[in-house]
Amino acid sequence: MTFSLELSEEQQELRDWVHGFAEQTIRPAAREWDEREETPWPIIQEAAKIGLYGFETLATFWADDTGLSLPIANEELFWGDGGIGMAIFGTTLAVAGIFAAGTPDQLAEWVPQCYGDVDDPKVAAFCSSEPGAGSDVSAMRTRAVYDEAKDEWVLNGQKAWATNGGIANVHVVQAVVDPELGSRGQAAFVVPPGTKGLESPSKIKKHGLRASHTADVFLDDVRVPGSCLLGGKEKLDERLARSREGTKASSQAAMKTFELSRPAVGAQAVGIARAAYETALEYAQQRETFGRPIIENQSIAFTLADMRMEIDAARLLVWRAAWLGRNGGFTAGEGSMSKLKAGRVATWATERAIQILGGNGYTREFPVERMHRDAKIYDIFEGTEQIQQLVVARAISGKHIA
């Protein structure tokens, strides 16, 4: 398929539809839910009612051969608000985990349960990071041991920074099945609703994205049926055998999940950056000092010009990565490039927006301070800025740079 920057009629309609929801439903509620630091269940339910939150919608996004529907939707949602946007789209990471490693039957069984229904919406969690294993996935300590007599897997360990952790209907957990193989000895499991032994005592108080629930998840002799191993045991045994023989195994589920999600995450950062830019532009056109709007000062006008240029550049990298993800794959770390650039732009642009608004920008009466708090995480989660640089450096050099 030929790459094109001209959106189709369907993509334009999607953009306008999601933008309308963000403008009319999310933005008016953004400040309230940020201050409450609670999951905005009424907003999630509204998204479900109009068909924006649900596995059918995600399937429609994924059916777009250009790969652009998902980043388009993400940018508009997060333009509305980062925290509420993550509350709505956080489930997608768990779904991506199931998609990356699961069988068709597992997708059919578990993905609908990640979302619930219009009357009773649910969320899902992807649990990979640990207190001592974030960027270094080989340091993962959560174990999964197979009980052959009962055809059950027993999970023990602690997961950190899990979006929707503890409140999720479905948890997708990455665990070690063969410690001697390092990251090649890991597998992903679905923990069904109501499974005993999975606990999350409290949520984490965060700098930003406060409307999105984040928590540590503790697994104490959590037993799940053998069918909850994503991909199945036969496939796992074959992969482990190849690894023991020294054959390079295929990428693990956690890495596949992050590869699938990076352009979409980059689009979220672009949405936040764009919202801050538009707020600053409008303010600069209205705010007067020394008898004229401050946008007539070169320092302000040039800053806004740079903001617009950087945001557009980040979006182009995101769209390229999204397209490549569906048409040929990455060759030079393009997925990481998109996430890295978008995160940097969001952090920088929101800070510049505060500067343009001056003292007003530093108050909660204006949204740019919240946008700045929301933006910073995009330098950190889903692979830190430095990890993205490492991925790109390895891709372009062909060397295993440490």
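Source: prediction; values computed, not measured.

Undergrad: How would you sum up the overall build of the protein? Please name residues and give values.
TA: A tally of helices and strands in the protein yields 13 helices and 9 strands. In terms of overall size, the protein behaves like a compact globule, its C-alpha atoms giving a radius of gyration of 21 Å where 402 residues would be expected to give roughly 21 Å. For the C-alpha atoms alone, the extent of the protein along its principal axes is close to 80 × 50 × 40 Å. In the protein, which comprises 402 residues, the proportion classed as buried is 52%. Counting contacts in the protein only where the partners sit at least 6 residues apart, residues at least 24 apart contribute 74% of the total. Of the roughly 18,100 Å² of accessible surface on the protein, a fraction of 51% belongs to carbon and sulfur atoms. Here the protein carries 42 positive and 55 negative side-chain charges, and the mean point of each set is 6 Å from the other.

Undergrad: Break down a nonpolar patch on the surface for me, with residues and values.
TA: A contiguous nonpolar surface patch, about 270 Å² in accessible area, is contributed by F3, L5 and L316. Position of F3 among the secondary structure elements: in the segment before helix 1 (9–36). Overall, F3 belongs to the partly exposed group, its relative accessible area being 33%.

Undergrad: Can you explain the pattern of salt bridges? Please cite residues and give values.
TA: Enumeration according to the criterion identifies 26 salt bridges in this entry. Across the pair R31 and E365 runs a salt bridge, and its minimum N-O distance is 3.2 Å. With a gap of 334 residues between them, R31 in helix 1 and E365 in the loop between helix 11 (334–357) and helix 12 (368–375) connect regions that are remote in the sequence. Of the residues examined, R31 reaches a relative accessible area of 37% and is grouped as partly exposed. With its nearest N and O atoms 2.9 Å apart, the salt bridge here joins R36 to E38.

Undergrad: Can you explain helix 10 (residues 298–326)? Please cite residues and give values.
TA: In this model, helix 10 (29 residues) spans 42 Å end to end at C-alpha, consistent with the 42 Å of a helix rising 1.5 Å per residue. Backbone geometry just downstream of helix 10 places G328 in the positive-phi region, at approximately 110°.

Undergrad: Provide a residue-level description of the pairing of strand 7 (residues 214–225), including the pertinent values.
TA: In the sheet, strand 3 (residues 152–163) pairs with strand 7 via 9 bridges, with the strands oriented antiparallel. Paired with V154 across the two strands is R223, which belongs to strand 7. For strand 6 (residues 198–199) and strand 7, the ladder comprises 2 bridges, and the chain directions are antiparallel. The residue bridging L198 from the neighbouring strand is L219, located in strand 7.

Undergrad: Give me the UniProt feature "domain: Acyl-CoA oxidase/dehydrogenase middle" (unreviewed entry) in the protein: which residues, what numbers.
TA: Sites flagged by UniProt as "domain: Acyl-CoA oxidase/dehydrogenase middle" (unreviewed entry) map to residues 125–222. Annotation note: span residues 125–222, helix share 0%, strand share 45%, distance between end C-alpha atoms 16 Å.

Undergrad: So what's going on with the packing of aromatic side chains? Which residues, and what values?
TA: In total, this model carries 7 aromatic pairs according to the counting rule given. Between Y283 and F366, the ring centres sit 6.0 Å apart and the planes meet at 90°, which makes this aromatic pair edge-to-face. Taken as a pair, Y283 in helix 9 (residues 253–286) and F366 in the loop between helix 11 and helix 12 lie far apart in primary sequence, 83 residues in all. In this structure Y283 comes out as buried when scored by relative accessible area, which is 13%. Residues Y378 and F381 carry aromatic rings whose centres are separated by 5.0 Å and whose planes lie at 90° to one another, so their mutual orientation is edge-to-face. Assessed through its relative accessible area of 2%, Y378 is described here as buried. Above the face of the W79 ring, R27 is positioned so that its terminal group lies 3.6 Å from the ring centre. In this structure, R36 packs its charged tip against the face of W33, placed 4.1 Å from the ring centre.

Conventions we followed
- Residues numbered from 1 in each chain as written.
- Predicted model: local features only at pLDDT ≥ 70, side-chain atom pairs only at ≥ 80, totals over all residues.
- Heavy atoms only, no water.
- Helix = DSSP H or I, 4+ residues; strand = E, 2+ residues; numbered from the N terminus.
- Rg over C-alpha atoms; globule rule 2.2 N^0.38 Å.
- Buried < 20%, exposed > 50% of the residue type's maximum accessible area, 1.4 Å probe, protein only.
- Contact = heavy atoms within 4.5 Å.
- Areas by Shrake-Rupley, 256 points an atom, 1.4 Å probe, with all protein chains shown as cover.
- Lys, Arg positive; Asp, Glu negative; His and termini not counted.
- Charge placed at Lys NZ, Arg CZ, Asp CG, Glu CD.
- Patch = residues over 30% accessible without salt bridge, like charges linked within 9 Å, V, L, I, M, F, W, Y side chains within 5 Å.
- Salt bridge = Lys/Arg side-chain N within 4 Å of Asp/Glu carboxyl O.
- Expected span 1.5 Å × (residues − 1).
- Pairing = 2+ DSSP bridges.
- UniProt positions renumbered as here; feature names shortened; annotations may be inferred.
- Phe/Tyr/Trp six-rings, centres within 6.5 Å; stacked < 30°, edge-to-face > 60°.
- Lys NZ or Arg CZ within 6 Å of the ring centre and 35° of its normal.

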